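Structural features, examined
The primary structure of each chain is shown beneath.
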Amino acid sequence: MGITMLWETTDAALALRDRFGFATEDDAATWAIATVRTHWGVAATACSRIVMSDRNALAWLDTDDDPVLLKWCVESSRFPRLAAAADVVAWLGDRGLPVSAPVPALDGSVQVEVDGVSAGLQRVLVGELLDVDDPAAVRSVGRVVAELHDALVPYPAAGAVAAVRPTPAPLTSQVQQWLEGAPVHLPSDGLELLRTLLGALPAEPLPVQVVHGDVRSANVLCADGRVVGLVDFEDLRVDHRVVELARAAVLLGTRFHDWAPVGADVQAAFRQAYESVSPLSSVEAAWWDVLVLWTSLAFVPPGDDPTGWGAAAAEQVRRLSG
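Summarised in this report is the structure supplied together with it. (Residues numbered from 1 in each chain as written. Predicted model: local features only at pLDDT ≥ 70, side-chain atom pairs only at ≥ 80, totals over all residues. Heavy atoms only, no water.)

So, on to the overall build of the protein. Looking only at helices and strands, the protein has eleven helices and eleven strands in total. Taken against the 2.2 N^0.38 rule, which gives 20 Å for 322 residues, the C-alpha radius of gyration of the protein at 21 Å falls within 12% of a compact globule. For the protein, the spread of C-alpha atoms along the three principal axes comes to 60 × 45 × 40 Å. By residue count, 49% of the 322 residues in the protein fall in the buried class. In the protein, 68% of the contacts between residues at least 6 apart in sequence involve partners at least 24 apart. For the protein, the computed accessible surface area is about 14,700 Å², with 51% contributed by carbon and sulfur atoms. (Helix = DSSP H or I, 4+ residues; strand = E, 2+ residues; numbered from the N terminus. Rg over C-alpha atoms; globule rule 2.2 N^0.38 Å. Buried < 20%, exposed > 50% of the residue type's maximum accessible area, 1.4 Å probe, protein only. Contact = heavy atoms within 4.5 Å. Areas by Shrake-Rupley, 256 points an atom, 1.4 Å probe, with all protein chains shown as cover.)

Volume-wise, the largest pocket comes out at about 1,300 Å³. Lining the largest pocket are 48 residues, and of these Leu58, Lys71, Asn219, Val231 and Asp232 sit closest to its centre. Elements with a contribution of two residues or more to the lining of the largest pocket: strand 2 (44–53), strand 3 (56–63), strand 4 (68–73), helix 3 (79–94), strand 6 (117–123) and strand 7 (128–129). Residue composition of the lining of the largest pocket, by class: 26 nonpolar, nine polar and 13 charged. (1 Å grid on protein atoms, 1.4 Å probe; cavity = no way out; pocket = protein on both sides within 12 Å on 5 of 7 lines; lining within 4 Å. Points joined across faces, edges and corners; volume = space filled by probe spheres on them. Nonpolar A, V, L, I, M, F, W, Y, C, P; charged D, E, K, R; others polar.)

Spatial strand order, 1-2-3-4-6-5: six strands in an open sheet with mixed pairing. Looking along the sheet, the strands with just one partner apiece sit at the ends: strand 1 (2–5) and strand 5 (112–114). Geometrically, the sheet is characterised by an average inter-axis angle of 25 degrees between neighbouring strands, direction not taken into account. Inspection of the sheet shows strand 1 paired to strand 2 by four bridges, in the parallel sense. Counted as the bridge partner of isoleucine 3 is isoleucine 50 from strand 2. (Pairing = 2+ DSSP bridges. Axes fitted to C-alpha atoms, helices over the stretch in contact; angles between N-to-C directions.)

With that settled, the discussion passes to empty space enclosed by the protein. Applying the stated rule across the entire model yields one cavity of 30 Å³ or more. Space inside the largest cavity adds up to approximately 40 Å³. For the largest cavity, the full set of lining residues is Val250, Pro261, Val262, Gln267, Ser296, Trp309, Ala312 and Gln316. With three residues, helix 11 (residues 309–321) is the largest single contributor of residues to the lining of the largest cavity. A class-by-class count of the residues in the lining of the largest cavity yields five nonpolar, three polar and no charged.

A separate point is unusual backbone geometry. Unlike most non-glycine residues, aspartate 115 shows phi in positive territory, near 55 degrees. In this structure, aspartate 115 sits in the loop between strand 5 and strand 6. Judged by relative accessible area, aspartate 115 falls into the exposed class, the value being 60%. Of note, aspartate 224 is a non-glycine position whose phi angle comes to about 55 degrees, a positive value. Structurally, aspartate 224 is set in the loop between strand 9 (220–223) and strand 10 (226–230).

This is the structure:
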């Protein structure tokens, strides 16, 4: 068995001890195996690995059937959000969406609070992280996100999601407030263009609904050019679907250690595939360029820019100004 950090450089053994309270990896494995037996009735035979990030841990457990994944969190302030997310994912799984649906515990719950942690059990999905150089996979993600959004419009417990992640301020106000405090290293022509585009938008309000909150390569599993799992709903929220769509288009290629922008061709293919399933309204479509430019500018770092966020934002400005 091995223990690793998902993206941090922290020593894994120290994180396991200081954050999760286990002296050794064997202690953690023993606890995970006992937990799934007691609360889910699943007889795990071994723990193959444990991965940690921040205050979350994941344990891959072998069984006599398919492997399972136990995910737990030790930050109590996140427990309500995790419970709301588990309910959303279970609801989507019941409707045939490609998500990692939770395995119900023996008491029927999909998220369990035990030993001071919030834990959920899932089946292990077999796939690789989204490769944005695979056009078929990019199109598949676009279609799946559209199906996800359509499915979540009538989600009956949207209020529970809003309770743990408040509905955002009006979108125009968000962008204006960001512009007022925009970092000084950002290109002035990009900021001025964003102001101009924002001022030309229609006044009609955009609808809100439950959305995933973090659609990008790190959270999409694919096999043979097809999405087999949209995972990690911990950032779910009530928001405008076009906000999620535009943000995902910019960040689609990002992973845990690789935060690089994608090209305009990938963004266009992603949006086109989305709209082949669920077309944007005229008002949503009018927001597209504003949201893509805003997101692109927001990720331009000060100083060194080894992955090219500044160049990507500059290309957005050139395209929209032309």
